[in-house]
Amino acid sequence: MVIVSSTLKTKKADHFPAVVTMLSKCKKLSEILGKLTKRQQRIFKQSCLGHFLDLQFLSFSGNLVHKILLHEVEIDGDEQEMWFLIGETPMRFSRIEFALITGLTFGPYPEVSVDSHRLQDLYFGLKPAPNLDDIDSAFYAFDFTAIDDMDAVKITLYYVLERVVIGRAERYLADLWLMGLVDNLDEFNKYPWGSVCWRYTYRSLSRALRGQVGHYRVKLTEAKAKGKSYSSTYNLDGFPVAFQIWIYEVLPTVGRQFARCTNQRLPRMLRWMAATKNIRDGMLRTHVLSPSTPLIVRQQIDPTEEERMQPYYLQVVRFLGVDEGEYGGTIFMDDQTPTEIPSPPVEAADMSPPIIPDTAETFTPIPPADVDQTDTTFPTPDRPKKRSRPRRPSRHTEYREELFGDDPDDHAADTHADPPLQSHDVFSRLDMLRVDLQVFSARHDTSSQQVLDSLHTLIQQIRGIVPPDDRRDGHVDAHRSTSAHVTDLPRLDDQAQFCHVYWRTTSRRPAYANPIRQQLGGLVRSWPQYGPGSQMSPLRLVSDTLFGRWLDDGHISEYIAMLSHRQLVCREIVPQHWTVVSLHLYTALQVTYTGYLSGALAEGTFYPNSDIESFVMGRHCRLHRDWVQVDVVYLPLSLGGDHWVACEIHFRRREITVYDSLPSAHGDADIDSAMQPLCIYIPYLLHQTGFYRYRTDVTERLTPFTFIRPRQGIPQQRSDSGDCGIFTCMFIQYLGLGRPFDFGPEDGVHMRTRVAVDLWAGQLL
Amino acid sequence: MSREQQQASFINLTVKSQQDQSKLFFRIRRDSELKRLLNAYCDKKFLPHGSCHFLINGDRFAHHKTPDELGLENGDEIDAFVPTDGGGGGSRI
């Protein structure tokens, strides 16, 4: 029995960057095995390492492995296990997982006497104690067509074992004992290579971070003195690819983001193919450490029925002497809070035994700030902290669960005495404020000054209601590491004035002829940047929106990013069955379609490396919902470059609805040709990204979607107002909230205010 | 400066046009502003400066930042989009 604590081995404050290399030559595997002839490969396949022949190319991501290693927690017990804690469910990496992934066998080391030096004398007869470098050069020099088939296979087996399964640095001496053993294939196949490989892998993984923190500090101070940056470097022995695949398995959302599960073969390492070569810190932050979509965490890898039959599983269970059902089933999280951070009283309530509703699953919406739950104020409803035996729901159940959230009882459980203000409060107050605005601004005579005044009030209110502590990033906004605090804004009177003047001056005269604008430009540049994504100044966003200009893709992108963020933070208010997608998806599909028409592409294929999947997978840092989790996708698109419409792509109905605020601008022929790329290529896109594998409730068909452009019941704009961008934003918002349309042509000015307010809010939060 | 240091102070970036999927390859110092690269791209493509939108990983970025500040790595790709606009037939202000 192992007692798992919630204390990280490496404190969160001590986390450091590192470059991690693996010494196993897993990447070269196809090259190594490609040297064999077809017949030799067939023989190789029969051996105990035969399944390595089918291992797909898997690039090792040191960054991912390092970030997970930093989250190892302390355990009480002398088992050879490692436990990791990201979010609330601890995850186990033990010999069972290792066996399930690699398919190597475990067992006691048998007594084998080896006295054969035949292979060494015959093929490697270089010098008495060759090191691995010598072995490398000798191996690559072989011509396998010229030597005996069995010997070729034996040499390759030895080489794969030495260089892939037991990864070691080149300077080590070759293990001649192994070379002797491989000559006796019967004994070789029976040998517990899982135990051998685990010994190296476990030792290397568990010791990787030992002493690194202090070392890093020293080196960093030295480097800083020279004005340089520093990141640690370490190597991993053994077969760390197994660890990486384990990450994909226990964090399926992560696996889906960074890799591709191509089939359902056994053992599990044959299923995966790494899709992302370099996993950068930003992507890790969005998808793993403070994930936008709820991170699904599995405590351990539960073997399927088929896997329970496999010899490697039976052997490891017998070897460890555990009852397969019970192993790992008894876990205790000690309830002491991590010591490094003082815990607010709110969390004390969290630590009490939660009410476990029947439908609770092991995945939980993860607080953004990381595993130290004490310093986060994310609006997470109380979820059960642990379950002794996690139930494995079907993918479908998981999905439904995720969509429709938690039981009402669950919410009732988290009534705090004094809840800290959270960003969904801000949003709900914004909504209230907007109602006020609605009453306040009589429809037609909302002059710019009034609008500015109301904005002023709004900002003051936001200032008033966001307490100082919540202004740090990570609280109000988990995803945008805004360096700007709300207090850093210039005074609002200046800004309101400025907004007006800026608009007055920018549109009419060129910059060089306009001294005021030059001064103002300087002022804008001195203001803090809001969010990593926005290149436009928030002021320009708002002023363009307010003062009747056309909206371009900058505005629309900001707006849909805001909607996406709002959907994330206001889970209780905003329905979760939809998402928005970047308007650049349409550009990409248009290019594909043009290629198809011109014959450069076959139907249903995309340009190689076109990265079109990233739209579907939610890999963009501000639009981050995976399409697998939704039924409906909203896409703003520009018809002919001068008219915005909102498209609703409905997966179940296989239908695209076009919400057009001015149908007379583009006739039916126009819209027909404009919708072709979407209608034809969306099914292929879904097919290619594996949508249907996860969503068995949607029938898979590759026939084109249909589209309709309803004329009835869609609010229309005034034809000369240039409001279609605004209407598009409002369409998406109303549809997303499930509200009926209650605006009309005369509301254009008023709605500009609302969009401006939302853009403000999006910039601030 | 040794060869390695020289290698380390430069970065290779690709700009991919989303209109025709064509790619241009650039080599730029890690501490110089990306604006230079983007302008060079516009020059090569005979486009007026500022007529393209550039995105890294689907998001905008400040053009005065350097590859180091944006955390770019060797071989990273910048997407170039032609901006879209819309008002619905109204007269443009």
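In this numbering scheme, every chain counts its residues from 1 along its sequence in written order. Key to labels: chains lettered from A, ligands numbered from 1, both in the order written. Per-residue local features are limited, in this predicted model, to residues with pLDDT of at least 70; the limit for side-chain atom pairs, both in listing and counting, is 80 or more; totals at the level of whole chains, interfaces and linings are taken over all residues. By convention in this description, side-chain values take in all heavy atoms of the structure and omit both hydrogens and water.

Per an unreviewed UniProt entry, the recorded name for chain B is Small ubiquitin-related modifier, and the organism is Melia azedarach.

As annotated in an unreviewed UniProt entry, chain A carries the name Phospholipase-like protein and is attributed to Melia azedarach.

A. How the structure looks around the overall build of chain B. Every helix listed is a DSSP run of H or I at least four residues long, and every strand listed is a run of E at least two residues long, numbered separately from the N terminus. The helix and strand inventory of chain B stands at three helices and five strands. Ordered by position in the sequence, the α and β elements of chain B form the string α-β-β-α-β-α-β-β. Partly exposed describes any residue whose relative accessible area lies between the buried limit of under 20% and the exposed limit of over 50%, with all areas from a 1.4 Å probe on protein chains only and scaled to the type maximum. Within chain B, buried positions represent 43% of all 93 residues. Nonlocal contacts in chain B, meaning residues at least 24 apart in sequence, comprise 54% of its contacts between residues at least 6 apart. The contact criterion used throughout is that any non-hydrogen atoms of two residues lie within 4.5 Å.

B. Summary view of the pairing of strand 5 (residues 89-93) of chain A. All names here are of chain A. With respect to burial, strand 5 is a largely interior element, five of its five residues being buried. The two faces of strand 5 match: Thr89, Met91 and Phe93 on one face and Pro90 and Arg92 on the other face are all buried. Following DSSP output, two strands are said to pair if at least two bridges run between them. Inspection of the sheet shows strand 4 (residues 82-86) paired to strand 5 by five bridges, in the antiparallel sense. Note on strand 5: the bridge partner recorded for Met82 is Phe93. Connecting the antiparallel pair strand 4 and strand 5 is a turn made up of two residues, with Gly87 showing a positive phi of about 80°.

C. Expanded view of the packing of helix 3 (residues 62-69) of chain A against helix 14 (residues 281-289) of chain A. All names here are of chain A. Only the stretch in contact is used when fitting a helix axis, every axis being a line fitted to C-alpha atoms; angles between N-to-C directions are given from 0 to 180 degrees. Relative to each other, helix 3 and helix 14 sit at 50°, their axes nearing to 11 Å. Regarding the angle of helix 3 to helix 14, the classification is oblique. Where helix 3 crosses over helix 14, the handedness of that crossing is right-handed. Touching Asn63, Leu64, Lys67 and Ile68 of helix 3 are Asp281, Leu284, Val288 and Leu289, all from helix 14. Angles below 35 degrees are treated as roughly parallel, those above 145 as roughly antiparallel, those between 65 and 115 as roughly perpendicular, and all remaining angles as oblique. When the near helix sits turned anticlockwise from the far one by under a right angle, the crossing is termed left-handed; a clockwise turn instead gives a right-handed crossing.

D. Structural detail: the sheet that holds strand 12 (residues 632-639) of chain A. All names here are of chain A. Ordered by their spatial adjacency, five strands build an open sheet running 11-12-13-14-15, and the pairing between neighbours is mixed. Strand pairing shows two members of the sheet lacking a second neighbour, strand 11 (578-580) and strand 15 (706-708), which therefore form its edges. The average undirected angle you get between the axes of adjacent strands in this sheet is 25°. Relative to strand 15, strand 14 (residues 655-659) runs parallel, the two being bridged by three bridges. Considered in strand 15, the bridge of Glu655 is made with Thr706.

E. Here's a closer look at helix 4 (residues 95-102) of chain A. Residues and elements named next belong to chain A. Burial runs high along helix 4: eight of the eight residues are buried. The complete set of buried residues in helix 4 reads Arg95, Ile96, Glu97, Phe98, Ala99, Leu100, Ile101 and Thr102. As for helix 4, its buried residues are in contact with strand 5, helix 10 (193-207), helix 12 (241-250), helix 15 (305-308) and helix 16 (311-320). Among the residues trailing helix 4, Gly103 stands out with phi positive, at a value near 75°.

F. The arrangement of the sheet that holds strand 4 (residues 77-81) of chain B in detail. Residue and element names in this part refer to chain B. Within the open sheet, the four strands sit side by side as 2-1-4-3. Their pairing is mixed. The outermost strands of the open sheet, each flanked by one partner alone, are strand 2 (23-29) and strand 3 (53-55). Pairs of neighbouring strands in the sheet enclose a mean axial angle of 30°, with direction left out of account. Relative to strand 4, strand 1 (residues 10-17) runs parallel, the two being bridged by four bridges. Residue pairing in the sheet places Val15 in a bridge with Ile78 of strand 4. Packed onto the sheet, helix 2 (residues 34-44) meets strand 1, strand 2, strand 3 and strand 4 and runs at close to 145° relative to strand 2.

G. How the structure looks around the confidence of the model for chain B. Residue and element names in this part refer to chain B. pLDDT measures how confident the predictor is about each residue, on a scale from 0 to 100. Residues at a pLDDT of 70 or more form 82% of chain B, whose mean pLDDT is 78. Confidence, expressed as mean pLDDT per element, reaches its minimum in chain B at strand 5 (residues 85-86) with 67 and its maximum at strand 2 with 90. Residue range residues 89-93 is modelled with pLDDT below 50. Its contacts to residues more than four positions away, or to other chains, number 14 contacts.

H. Geometry of unusual backbone geometry. Residue and element names in this part refer to chain A. The amide bond that connects Leu266 to the next residue, Pro267, takes the cis arrangement and shows omega of -10°. Here Pro267 shows up in the loop between strand 7 (259-261) and strand 8 (272-274). The phi angle at Arg654 is positive, at roughly 50°, despite the residue not being glycine. Arg654 sits in the buried class, given a relative accessible area of 8%.

I. Looking closely at the pairing of strand 4 of chain B. Residues and elements named next belong to chain B. In terms of burial, strand 4 is largely enclosed, as four of its five residues are buried. Sheet topology note: the strand 3/strand 4 ladder contains three bridges and is antiparallel. Its bridge partner being in strand 4, His53 is matched across the sheet by Phe81.

J. Summary view of the pattern of salt bridges. One side-chain nitrogen of Lys or Arg within 4 Å of one carboxyl oxygen of Asp or Glu is enough to make a salt bridge. Considering all chains together, one arrives at 28 salt bridges over all chains under this definition. Among the ionic pairs, Lys154 of chain A bridges to Asp183 of chain A, the shortest N-O distance being 3.1 Å. Residue Lys154 of chain A is found in helix 7 (residues 149-165), and its partner Asp183 of chain A is found in the loop between helix 8 (176-182) and helix 9 (185-190); the two are separated by 29 residues along the sequence. Accessibility assignment for this pair places Lys154 of chain A and Asp183 of chain A in one class, buried. Residue Glu77 of chain B pairs with Lys16 of chain B through a salt bridge whose shortest N-O separation is 3.7 Å. Here the residue Glu77 of chain B occupies a position in strand 4, and Lys16 of chain B occupies one in strand 1, the gap between them amounting to 61 residues.

K. View of a positive patch on the surface. Only residues whose relative accessible area exceeds 30% and that form no salt bridge enter a patch; like-charged residues are grouped when within 9 Å of one another, and nonpolar side chains (Val, Leu, Ile, Met, Phe, Trp, Tyr) when within 5 Å. Calculation of accessible area relied on Shrake-Rupley with a 1.4 Å probe; when residues are assessed, cover is drawn exclusively from the protein chains displayed. For the charge count, each Lys or Arg is scored as positive and each Asp or Glu as negative, with His and the chain ends excluded. Where a charge lies is defined by one atom per residue type: Lys uses NZ, Arg uses CZ, Asp uses CG and Glu uses CD. There is a patch of like positive charges on the surface, built from Arg199, Arg203, Arg207 and Arg210 of chain A. The class for Arg210 of chain A is exposed, based on a relative accessible area of 61%.

L. Region of interest: the packing of aromatic side chains. Residues and elements named next belong to chain A. Here a Phe, Tyr or Trp ring, Trp counted by its six-membered ring, pairs with any other such ring whose centre lies within 6.5 Å, and the pair is stacked when the planes are under 30 degrees apart, edge-to-face when over 60, and tilted otherwise. By the definition in use, this model includes 41 aromatic pairs over all chains. Taken together, a centroid distance of 5.8 Å and an interplanar angle of 65° make the contact between Trp177 and Tyr191 edge-to-face. Placement of the pair is Trp177 in helix 8 and Tyr191 in the loop between helix 9 and helix 10, with a sequence separation of 14 residues. For Trp177, a relative accessible area of 32% gives the class partly exposed.

M. Molecular detail of the environment of Pro240 of chain A. Along the chain, Pro240 of chain A falls in the loop between strand 6 (232-236) and helix 12. As a C-alpha pair, Pro240 of chain A and Tyr200 of chain A span 40 residues in sequence and 9.5 Å in three-dimensional space.

N. Structural detail: the environment of Lys35 of chain A. Residues and elements named next belong to chain A. With respect to the helices, strands and loops of the structure, Lys35 is situated in the loop between helix 1 (29-34) and helix 2 (38-46). A relative accessible area of 23% means that Lys35 is categorised as partly exposed. Spatially, the C-alpha atom of Lys35 lies 6.8 Å from that of Phe144, the residues being 109 residues apart in sequence. The residues touching Lys35, leaving out its near neighbours within four places in the chain, are Phe139, Tyr140, Phe142 and Phe144. Of note is the side chain of Lys35, whose polar atom sits 3.3 Å from the backbone oxygen of Tyr140. Two N or O atoms form a polar contact when they lie within 3.5 Å of each other; inside protein one atom must be a possible hydrogen donor and the other a possible acceptor, and for residues adjacent in sequence the pair counts only when both atoms belong to side chains.

O. Highlighting the packing of helix 4 of chain A against helix 12 of chain A. All names here are of chain A. The N-to-C vectors of helix 4 and helix 12 enclose an angle of 95°; their axes lie 10 Å apart at closest approach. Here helix 12 runs roughly perpendicular to helix 4, going by the angle between their axes. Residue-level inspection shows Glu97, Phe98, Ile101 and Thr102 of helix 4 in contact with helix 12, the latter providing Ala242, Ile245 and Trp246. For this scheme, ten residues count as nonpolar: Ala, Val, Leu, Ile, Met, Phe, Trp, Tyr, Cys and Pro. Four count as charged, namely Asp, Glu, Lys and Arg, and the remainder, Gly too, count as polar. When its residues are assigned to classes, the contact of helix 4 with helix 12 shows five nonpolar, one polar and one charged.

P. Structural context of the environment of Ile726 of chain A. Inspection of the secondary structure puts Ile726 of chain A in helix 30 (residues 724-737). Through-space distance from the C-alpha of Ile726 of chain A to that of Ile556 of chain A is 8.8 Å; in sequence the pair is 170 residues apart.

Q. A look at the state of the cysteines. Cysteine sulfur atoms are paired as a disulfide whenever they fall within 2.5 Å. Going through the model one piece at a time under the given rule, you end up with zero disulfides over all chains. Summary of cysteine pairing: Cys729 of chain A is not part of a disulfide, and the nearest cysteine sulfur, belonging to Cys724 of chain A, is at 9.7 Å.

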